[in-house]
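# Structural features, examined
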Amino acid sequence: MKQIGVGILGFGTVGAGVADGLLKHREVMAKRLDVDIVLKKIADLDITTDRGVAVPDGVLTTDAKSVLCDPAVDIVVETIGGTGIARTFVLEALNNRKCVVTANKKLLAEHGDEIFDAAERNGVDIYFGASVGGGIPIIRVLREGLAGNDIESIHGILNGTCNYILTRMENEGLPFDQVLRDAQRLGYAEANPSLDIDGFDTAHKACILAALAYGFRPRLEDVHVEGIRSLAGEDVKYAADFGYRIKLLAKVSKSGDEVEVSVAPTLVPMTHMLASVNDAFNAAWVKGDMSDCTMYYGRGAGRAPTASTVVGDIGDIARNLAHGGARYSRAVKTYGEGSVRLRPEGEIRSRFYLRFMLADRPGAMGVVATALGRHGVSLMAVSQKGSAEGNQPVPVVAMTHAAKASAIDAALAEIKESGVIGAEPVKLRIF
Ligand code: HSE
């Protein structure tokens with residue numbers, strides 16, 4: 001049986017999981033894929049910390065070059081993270097004509113063109129299955145299972161940390177900061193948790209999904225990204241009163257020549273399957289013109305689930321290398337560039353949840369309704385939460401019919417100007 005050698009760069013959480021998977025499942029993978037996948041080297045600056053994996057003698061090294069230049073290494077796995085040295089090593093591996101597997105969504109979202117070009121130039125492959133959805137093979141679904149569809153939309157809960165935080169805020173009424181600390185302790189959060197809670201990790205993943213669905217990779221700085229940092233516990237509660245659960249939702253969709261890629265805390269009806277995705281779980285709900293709605297659910301973060309997808313990618317490359325299968329990297333070329341454009345944030349249409357701290361005086365509600373009406377925003381439901389004490393403003397929640405974000409913003413600016421509200425209004429999308 002043909003042998004294919006693997007080298008891992010980065011022996012942290014995911015790297016150790018990948019090593020564990022390769023060593024534990026070598027035999028069964030050989031039977032399934034008809035190729036013997038051998039872990040040749042693992043490089044990390046720290047090779048003394050116990051990672052809970054019995055690595056054979058001679059495999060661990062502190063010298064990344066010895067992985068990148070070893071002729072016995074056919075596939076380099078990058079599990080370092082970030083866009084610094086990880087980018088350098090990935091490019092070096094590709095230029096050394098080694099195939100690469102990475103879970104690094106930031107690297108692909110920010111430097112995808114350079115990396116896919118290098119793979120193409122060198123005639124090698126790059127797989128990135130675990131960059132979106134951790135243990136859910138959603139990338140494979142879009143590249144293979146749904147390849148014959150026009151993808152109408154993808155709605156995804158793609159960040160385990162945020163979903164864990166939102167679930168506990170809702171179920172236990174806990175404050176944001178306390179739950180974030182627990183998410184970090186459990187190893188879900190990025191080294192810089194701002195990437196999670198400010199929505200950028202989800203945005204990186206949404207950009208990758210857009211590239212696969214539409215051949216169009218928007219610039220991250222053009223994508224509308226809202227995180228959950230300033231989400232108030234009372235909005236989680238009021239949304240629940242209306243029958244909704246708040247999720248940090250990525251939306252990737254296309255209509256005409258416009259692609260929408262956005263990330264925002266969004267009210268999801270409790271009756272929708274996405275609302276049952278709790279804790280650190282992820283899900284993607286994909287609507288194709290032929291498949292109709294399909295949903296993919298699983299663990300979006302953590303050592304073993306992420307490693308499961310990375311090892312699956314290694315298996316696919318190894319099978320191709322051993323048996324002469326075709327390369328994949330050509331398929332992630334951004335074929336849509338020039339024919340589609342990113343829909344500007346203001347043009348995005350949605351129903352909205354609005355909360356105002358409204359002055360308790362005659363006509364105040366009228367000012368709000370009139371301003372919204374003037375901008376063509378129709379109200380669907382309005383509810384005052386609690387009763388006024390003294391002259392204190394009262395929380396009032398309004399649910400709108402579908403409207404353009406720019407119309408809502410214009411109405412909110414007028415409402416603020418009128419002096420009937422006591423704090424910044426809250427604006428959340430409704431799925
Ligand atoms: N920090 C990410 C999350 C890890 O919480 O989902 C997986 O990408």
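Everything below is about the structure shown above.
Residues numbered from 1 in each chain as written. Predicted model: local features only at pLDDT ≥ 70, side-chain atom pairs only at ≥ 80, totals over all residues. Heavy atoms only, no water.

## Points about the side chain of Thr266
- As for its placement among the helices and strands, Thr266 is situated in strand E10 (residues 258-269).
- Residue Thr266 is classed as buried on the basis of its relative accessible area, which comes to 5%.
- In this structure the side chain of Thr266 is engaged in a polar contact, spanning 2.8 Å, whose partner is the backbone oxygen of Ala264.
- Sequence-distant contacts of Thr266, defined by excluding residues within four places in its chain, comprise Arg245, Ile246, Lys247, Leu249, Arg429, Ile430 and Phe431. (Helix = DSSP H or I, 4+ residues; strand = E, 2+ residues; numbered from the N terminus. Buried < 20%, exposed > 50% of the residue type's maximum accessible area, 1.4 Å probe, protein only. Polar contact = N/O pair within 3.5 Å; in protein donor to acceptor, adjacent residues only side chain to side chain. Contact = heavy atoms within 4.5 Å.)

## Description of the pattern of salt bridges
- A complete count under the given rule lists 33 salt bridges for this structure.
- The residue Arg341 makes a salt bridge to Glu258 at a minimum N-O spacing of 2.3 Å. A residue pair is termed long-range when its members are at least 10 positions apart, and Arg341 in strand E13 (residues 341-342) and Glu258 in strand E10 qualify at 83 residues.
- A relative accessible area of 44% places Arg341 in the partly exposed class.
- For Glu258, a relative accessible area of 15% corresponds to the buried category. (Salt bridge = Lys/Arg side-chain N within 4 Å of Asp/Glu carboxyl O.)

## A word on the environment of Ala183
- With respect to the helices and strands, the residue Ala183 is situated in helix H8 (residues 176-185).
- Given a relative accessible area of 0%, Ala183 falls into the buried group.
- Separated by 18 residues in the primary sequence, Ala183 and Ile165 have C-alpha atoms spaced 7.3 Å apart.
- Once residues lying within four places of it in the same chain are set aside, the contact partners of Ala183 are Thr161, Tyr164, Tyr188 and Ala189.

## Thoughts on the site of the ligand
- The local shell around the ligand consists of Lys105, Asn159, Gly160, Thr161, Tyr188, Ala189, Glu190, Asp196, Asp201, Lys205, Gly300 and Ala301.
- The side chain of Thr161 places a nitrogen or oxygen atom 2.6 Å from an oxygen atom of the ligand.
- Between the ligand and Lys205 there is a distance of 2.7 Å, counted from an oxygen atom to a side-chain nitrogen or oxygen.
- In terms of residue class, the shell around the ligand is made up of three nonpolar, four polar and five charged. (Near = heavy atom within 4 Å. Nonpolar A, V, L, I, M, F, W, Y, C, P; charged D, E, K, R; others polar.)

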